[in-house]
Amino acid sequence: MQQEIVLQLQGLTIGYEEKTIISDINAEVRTGELIGIIGRNGAGKSTLLKTIRGLLPAKAGQVLYFGKPLASYGEKELARRVAYLQQNVETGFGYTGLDIVLTGRYPYMKWWESEKDEDKELAMDCMSYTGTLDLAERPVTEVSGGQKQRILLAKVLAQQTPVLFLDEPTTGLDMVYREEIFRFARELANMGKTILMVVHELDLAAAYCSRIFLLGEGKLLADGAPEQVFTEKLLSRAYEADISVEQNPKNGRLEITTKENPEAKKKELNLLQKICIDRTNLQE
């Protein structure tokens, strides 16, 4: 059975004011896909998510959700379809973890309504899933960056949308929780959610994502399964560095690193030697 098309990008060009970052993006995204958006800093990863979500205007082209243009959706109607975990979310003083998660229910409430018991039960279930239930009554200003990030993930889950955008969701998380976020995303996609996430952990993206958008050279440089995109040639072009891609013989995962450049290393060592000279005895 063919999966439903939930998102279409047609000739999409994105950027800020007079600056174009990526031109002419064309892609179709279907139910249950977990798409990792990768590329060097400044390639336009977060800008792409913000534009698709309608937070930034497109410079050209259009975005469609379920066959309807983005512009035809009201804010609450769109919020019932797309949840967005953005970077650097500011939370008000005194709000508890549960307060934050419950804000994910706003698309389903009238302005005069309070949360119902079923909303609170759902919020607690989402916090339990993300390992933050013990933070339900804690002020968010008193939790760590990693704990806050998992609370915000619970919030977007409580929004119960078919599409999730996660912009660098592993920010502030240690090694264990970074992989757990990818595992959560894979499980959600298996349940029928469609997820687009900006990631820097290429090895985890290769292990968990079903599809990769590689941004570089001012365009969507590659779009395909991890094994098609994670090649030394494509990654070296996108990151403008000499990239090595090897398969770990123990677990079968791809290991992606930069290759050492002997000439560049020699220059770095020469500079480091100059920096580390004790100059106290050289002063008059």
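Scroll up a little and you will see the structure.
Numbering of residues starts from 1 in every chain and runs along the sequence as written. Totals for whole chains, interfaces and linings use all residues, but because this is a predicted model, local features are given only for residues with pLDDT of at least 70 and pairs of side-chain atoms are given and counted only at 80 or more. Water and hydrogen atoms were dropped before computing side-chain values, which therefore reflect all heavy atoms in the structure.

J.: Hey, could you run me through empty space enclosed by the protein in this one?
T.: One way to see where empty space is left: roll a probe the size of a water molecule over the atoms. Points on a 1 Å grid over protein atoms alone make up a cavity when a 1.4 Å probe fits among them but cannot get out, and a pocket when they form an open set with protein on both sides within 12 Å along at least five of seven lines; lining residues each have an atom within 4 Å of a point. Grid points are joined across faces, edges and corners, and a volume is the space filled by probe spheres set on the points. Tallying each qualifying case throughout the model produces one cavity of 30 Å³ or more. Considered as a void within the structure, the largest cavity measures approximately 40 Å³ in volume. In terms of lining residues, the largest cavity is bounded by Leu153, Leu164, Leu166, Ile181, Phe184, Ala185, Leu188 and Ile195. Here a strand is any run of E in DSSP of at least two residues, a helix any run of H or I of at least four, and the numbering for each starts at the N terminus. For the lining of the largest cavity, the elements supplying multiple residues, two or more each, are β7 (163-167) and α6 (175-190). Ranked by residue count, the leading element in the lining of the largest cavity is α6, at four residues.

J.: I keep staring at α6 and nothing clicks. Help me out?
T.: In an α-helix, one turn spans 3.6 residues; hence positions three or four apart end up facing the same way. Multiplying 1.5 Å by the residue count of a helix minus one yields the expected span of that helix. If you check α6, its first and last C-alpha atoms are 23 Å apart, about what 16 residues at 1.5 Å a residue would give, namely 22 Å. Those residues of α6 that sit buried are Ile181, Phe182, Phe184, Ala185, Arg186, Leu188 and Ala189. In the stretch just after α6, Gly192 is the one whose phi turns positive, near 110°. Burial classes: relative accessible area under 20% of the type maximum marks a residue as buried, over 50% as exposed, and values in between as partly exposed (1.4 Å probe, protein chains only).

J.: Is there a simple way to think about the sheet that holds strand β2 (residues 19-30) in this case?
T.: The pairing of strands in a sheet happens through backbone hydrogen bonds and is either parallel or antiparallel. Strand pairing is assigned whenever DSSP identifies at least 2 bridges connecting the two strands. Read from one edge to the other, the open sheet built from four strands follows the order β2-β1-β4-β5, with strand pairing classed as antiparallel. The open sheet has two edge strands, β2 and β5 (68-69), and neither has a second partner. Direction of pairing for strand β4 (residues 60-65) relative to β5: antiparallel, over a ladder of two bridges. Each residue of the ladder has a partner; that of Leu64, found in β5, is Pro69. Contacts are assigned to residue pairs that have any heavy atoms within 4.5 Å of one another. Axis lines are fitted through C-alpha atoms, for helices just across the contact stretch, and the angle between N-to-C directions can take any value from 0 to 180 degrees. Each of β1 (5-16), β2 and β4 is contacted by helix α1 (residues 45-53), which is oriented at about 120° to β1, the strand it contacts most.

J.: Help me out: how do you make sense of the packing of helix α4 (residues 117-129) against helix α5 (residues 145-158) in this one?
T.: Angle between the axes and distance between the axes are the two parameters that describe a pair of packed helices. Where α4 meets α5, the axes come as close as 8 Å, and the angle between the chain directions of the two elements is 135°. Taken as axis vectors, α4 and α5 run oblique relative to one another. Note on packing geometry: the crossing formed by α4 with α5 is right-handed. For the pair formed by α4 and α5, the contact residues are Leu122, Cys126, Met127 and Tyr129 on the first element and Ile151, Ala154, Leu157 and Ala158 on the second. Tallied by class, the residues present in the contact of α4 with α5 amount to eight nonpolar, no polar and no charged. Angles below 35 degrees are treated as roughly parallel, those above 145 as roughly antiparallel, those between 65 and 115 as roughly perpendicular, and all remaining angles as oblique. In this scheme, a crossing is called left-handed if the near helix is turned counterclockwise away from the far one by less than a right angle; it is called right-handed if the turn is clockwise. Each residue is assigned to one of three groups, with Ala, Val, Leu, Ile, Met, Phe, Trp, Tyr, Cys and Pro labelled nonpolar, Asp, Glu, Lys and Arg labelled charged, and all others, Gly among them, labelled polar.

J.: In this structure, what is going on with the packing of aromatic side chains? I would like to understand it.
T.: How two aromatic rings sit relative to each other is set out by the distance from centre to centre and by the angle between their planes. Pairing of aromatic side chains here covers Phe, Tyr and the six-membered ring of Trp, requires ring centres within 6.5 Å, and sorts the geometry by plane angle: under 30 degrees stacked, over 60 edge-to-face, intermediate tilted. One pass over the structure, following the stated rule, counts three aromatic pairs. Each ring, one from Tyr65 and one from Tyr73, has its centre 6.3 Å from the other, and the planes form 90°; the classification is edge-to-face. For the residue pair Tyr65 and Tyr73, the accessibility class agrees, reading buried in each case. Relative to Phe184, the ring of Tyr129 has its centre 4.6 Å away and its plane inclined at 35°; by these criteria the two rings are tilted. Highlighted residues: Tyr129 in helix α4 and Phe184 in helix α6, separated in sequence by 55 residues.

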